[in-house]
Amino acid sequence: MKSSPKVAIILPVFNTEKYLKECLDSIINQDYKNIIIYAIDDGSTDNSLNILNYYSNKNPAIHVLHQKNSGVSAARNLALNSIEHDESIKYVSFVDSDDIISKDFVSTFVKELTSKNADYGVCGVISFDKINRSDDHLKYKETMELRDSDIFEQYFSLGKWKNQGSTSHIFIANRFYSSSIVKHLRFNPNLKVGENVDFIINFLRKAQTGVYIPQCNYFYRLRASSLSKADISPLENMLNLENDLKKSPENLYLKNYIKKSILDAWWGTLKHAYTTNNAEEKITCKNKFSTIRKINARIYGSKYARRLLIYRLGDSFINLYFKSKLVSGNP
């Protein structure tokens, strides 16, 4: 009887003691058992490391690694260094330590990827908080193979994949990756915002086939701050993105993603400046407009071109625009 493929789950952890047990329970209670878990404590100052050690003492599949606080990219890279020479691992997945996965998260991916001999798989995501669960329904209801350009089109929600539902391309954890490709890649620790996109694009450039799975098997916790949900201001985000654009490798997909994100961050800063009457942020947006107008906003959709037009209409119109949005409850 053929043995089941071995799956490595990489779990970076930083100060998530409140959610960590629930996350770990969802991983160790999978209906698929040939799993090894690399949990990397990124210099937590709460009880996270003690929780990891407790679980690893009870479950030999959990391997705890520890590093001084160096960020999520360095944490994931530490795990990738550990599995690089382990030929027994067939697939790799990433989970954030404040999220949870369905009981059949791993088994569904393994079944679909092995049956289709695919390098890559993606499933849907459900967002939740303490009170509510937000179902983002998927456009396509059947499993679909991804080949050639279709892999990138699905990832960037282009063509038939536009408005596909909850398979966000900035998210790394609702996916499965062939270890033969992924263990030779590393996250770029110099990128503060686009590191996930950079990593996935580099993976997809080497992948031959993928699988789209029409099930929401990943549960994404909505909270103010986490590994994938950095709690930074739109202005700080914009400045980080500008630095990322300068540092990013010659990757057209990544550069376009960062440029689009800069437009979003600039607009977010502008919105905050006018809704809070922040004079300093207004000046920053004005100074950054020379950079913004060099980006061809139209290629990202009419919404972006309309935003630049609103700004060009001047201070009085911008004030009226954001006031009307606040009144309508849609800022």
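Residues numbered from 1 in each chain as written. Predicted model: local features only at pLDDT ≥ 70, side-chain atom pairs only at ≥ 80, totals over all residues. Heavy atoms only, no water.

Trainee: Describe in detail the pairing of strand β3 (residues 62-67), supporting the description with residues and values.
Mentor: Along any regular strand, the residues point their side chains to alternate faces of the sheet. The pairing of strand β2 (residues 35-42) with β3 spans six bridges and is parallel. Counterpart to I37 in the pairing with β3 is I62. (Pairing = 2+ DSSP bridges. Helix = DSSP H or I, 4+ residues; strand = E, 2+ residues; numbered from the N terminus.)

Trainee: Help me get a handle on the nonpolar core, residues and values and all.
Mentor: Of all hydrophobic cores here, the largest spans 59 residues; its most connected members are Y120, F203 and W266. Other than its neighbours up to four places away in sequence, F203 contacts D119, Y120, Y177, S178, I181, V182 and L185. Of all hydrophobic cores here, the second largest spans 34 residues; its members include C23, Y32, L113 and Y220. (Core = buried A, V, L, I, M, F, W, Y, C linked by side-chain atoms within 4.5 Å. Buried < 20%, exposed > 50% of the residue type's maximum accessible area, 1.4 Å probe, protein only. Contact = heavy atoms within 4.5 Å.)

Trainee: Which residues make up the packing of aromatic side chains, and what values go with them?
Mentor: In total, this model carries 25 aromatic pairs according to the counting rule given. Judged by centre distance (4.6 Å) and plane angle (10°), the ring pair of F109 and F176 falls under stacked. One end of the pair, F109, is in helix α4 (residues 105-115); the other, F176, is in strand β9 (residues 175-178), and 67 residues separate them in sequence. Both residues of the pair, F109 and F176, count as buried. With a centroid separation of 6.4 Å and an interplanar angle of 45°, the aromatic rings of W266 and W267 are classed as tilted. As far as the burial class goes, W266 and W267 line up, both buried. Site record: aromatic cluster; members linked through ring pairs are Y91, F105, F109, F171, F176, Y218 and Y220. Note that R76 overlies the ring of F187, its terminal NZ or CZ placed 5.2 Å from the centroid. (Phe/Tyr/Trp six-rings, centres within 6.5 Å; stacked < 30°, edge-to-face > 60°. Lys NZ or Arg CZ within 6 Å of the ring centre and 35° of its normal.)

Take it as geometry only, folks, not as evidence of what the structure does.
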